[in-house]
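The primary structure of each chain is shown beneath.
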Amino acid sequence: MTYASATDAVPPDGLTVGGAASVVGVTVRTLHHWDETGLARPSQRTTGGHRLYDAADVARLHRVRLYRELGLPVADIAALLDAPTDDAEQSLRRQRDEVREHIARLQRSADALDRMIEARRSGVLLSAEEQVAIFGAAWQPSWPVQARERWGDSEQWAQYAERSAERGPEDWRLIVEALGALHADLAAAVRSGVRPGSEQANVLAERHRASMGAYFDCTHSMQVCLARSYVEDPGFRSFYDGIEQGLAEWLRDVVDANARAHGVDPATATWA
């Protein structure tokens, strides 16, 4: 029912509170509240004291409902309804601008949720070409999808997706550069004979753990599990030993020694 037809349908003797509530699309309780607060009072009463709303009353009710749906406080609505035309127009313009800003905020939130959904699905919000350009020619764009299939139900994947959703190509380039610098320093430490458990080795172990923090929160126990896979998984071992021969086992030993220094027994370490 349109606004005009709703008010035109008001009979000469007015509408009861139930009839007015039905026409306006609110509850009887709401009309009672608007009456009690003085926001929209019926202009008539029956001989028994019951509320009766004429066409002008119903028109006011429609305006109140509209302003409430726009989010205006009751006090502002009362002032707006009774304001001179110029003041009312200025108030409406202000409220319109606020509504538009609210819509813009909601759109930004919707866009962020879209990115989060896509990040949880694909892992990296980069095209295949961007991934190869940033992560290197050996990178396979299918790897993030495979990782989701393997760990998609884990807390760590959820953290990874949240962080990925906020990153663009330049953010990933900085992460890759930092990781490259770490790998170079790890290789140099192997060549120079840095011993696991030494201060220098522990610093490198913490840098390695922090690098995992770019993707998810990594405890010392989880880092032990990761370093163990660097030796046991042929793909990981090939990658790290490709950087420097013996790096995979050395890094595992370095991580284990650092974990012990933080109260974690590598022999009983779990993914937690």
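Since the structure is predicted, the reported quantities are computational estimates derived from the model, not experimental observations.

Asker: Go over the side chain of aspartate 35 with me, naming the residues and quoting the values.
Answerer: Along the chain, the position of aspartate 35 falls in helix α3 (residues 28-37). Filtering out sequence-adjacent residues up to four positions away, aspartate 35 remains in contact with Ala40, Arg41, Pro42, Arg45 and Arg51.

Asker: Give a description of the sheet that holds strand β1 (residues 15-16) that names residues and reports values.
Answerer: As a general point, the strands of a sheet are linked pairwise by backbone hydrogen bonds and lie either parallel or antiparallel. Overall, antiparallel pairing links the 3 strands, which are arranged β1-β3-β2 in an open sheet. Whereas interior strands pair on both sides, the edge strands pair on one side only; in this sheet they are β1 and β2 (44-45). Looking at chain direction, β1 and strand β3 (residues 51-53) are connected through 2 bridges and run antiparallel. Within the sheet, the bridge partner assigned to leucine 15 lies in β3 and is tyrosine 53. The strands touched by helix α4 (residues 55-69) are β1 and β3; relative to β3, the strand with the most contacts, the crossing angle is about 85 degrees.

Asker: Please provide a residue-by-residue account of the packing of helix α2 (residues 17-24) against α3, values included.
Answerer: When two helices pack together, their arrangement is given by the angle between their axes and by how far apart the axes lie. Packing of α2 against α3 brings their axes to within 9 Å, and their N-to-C directions diverge by 105 degrees. With respect to each other, α2 and α3 are oriented roughly perpendicular. Residues Val17, Gly18, Ala20 and Ala21 of α2 form the contact with α3, whose own contacting residues are Val28, Leu31 and His32. Looking at the contact of α2 with α3 residue by residue, the classes come out as 5 nonpolar, 2 polar and no charged.

Asker: Explain the packing of aromatic side chains residue by residue, including any values.
Answerer: Inspection of every chain in the model, using the stated rule, returns 9 aromatic pairs. Ring geometry for tyrosine 230 and phenylalanine 236: centres 5.4 Å apart, planes at 65 degrees, overall edge-to-face. Under the relative-accessibility criterion, tyrosine 230 is labelled buried at 3%. Each ring, one from tyrosine 230 and one from tyrosine 240, has its centre 4.3 Å from the other, and the planes form 35 degrees; the classification is tilted. Of this pair, tyrosine 230 sits in helix α12 (residues 220-232) while tyrosine 240 sits in helix α13 (residues 234-243), and the two are 10 residues apart along the sequence. Overall, the relative accessible area of 7% leaves tyrosine 240 in the buried class. A network of ring pairs unites the aromatic residues Phe135, Trp139, Trp157, Tyr160, Trp172 and Tyr215 as a single cluster.

Asker: Summarise the nonpolar core; cite the residues concerned and give the values.
Answerer: Membership of the largest hydrophobic core comes to 26 residues, with the highest contact counts inside it found for Leu186, Tyr230, Trp250 and Leu251. Secondary-structure elements contributing two or more residues to this core are α10 (169-191), α11 (199-212), α12 and α14 (247-261). When near neighbours in sequence (up to four residues on either side) are disregarded, tryptophan 250 contacts Leu186, Ala189, Val190, Val194, Pro196 and Leu204. Grouped together as the second largest cluster of nonpolar side chains are 20 residues, Val17, Ala40, Val58 and Leu61 included.

Asker: Can you tell me about the layout of surface pockets, naming the residues and giving the values?
Answerer: Its volume calculated, the largest pocket comes out at about 1600 Å³. Those elements that provide at least two residues to the lining of the largest pocket are α8 (142-151), α9 (155-165), α10, α11, α12 and α13. Within the lining of the largest pocket, the residues separate by chemical class into 24 nonpolar, 10 polar and 2 charged.

Asker: Give a detailed account of the state of the cysteines, specifying residues and quantitative values.
Answerer: Enumeration according to the criterion identifies 0 disulfides in this entry. This cysteine, cysteine 218, is not joined by any disulfide, and cysteine 225 carries the nearest cysteine sulfur, 9.1 Å off. For cysteine 218, a relative accessible area of 7% corresponds to the buried category.

Cut-offs applied
Residues numbered from 1 in each chain as written. Predicted model: local features only at pLDDT ≥ 70, side-chain atom pairs only at ≥ 80, totals over all residues. Heavy atoms only, no water. Helix = DSSP H or I, 4+ residues; strand = E, 2+ residues; numbered from the N terminus. Contact = heavy atoms within 4.5 Å. Pairing = 2+ DSSP bridges. Axes fitted to C-alpha atoms, helices over the stretch in contact; angles between N-to-C directions. Parallel < 35°, antiparallel > 145°, perpendicular 65-115°, else oblique. Nonpolar A, V, L, I, M, F, W, Y, C, P; charged D, E, K, R; others polar. Phe/Tyr/Trp six-rings, centres within 6.5 Å; stacked < 30°, edge-to-face > 60°. Buried < 20%, exposed > 50% of the residue type's maximum accessible area, 1.4 Å probe, protein only. Core = buried A, V, L, I, M, F, W, Y, C linked by side-chain atoms within 4.5 Å. 1 Å grid on protein atoms, 1.4 Å probe; cavity = no way out; pocket = protein on both sides within 12 Å on 5 of 7 lines; lining within 4 Å. Points joined across faces, edges and corners; volume = space filled by probe spheres on them. Disulfide = S-S within 2.5 Å.

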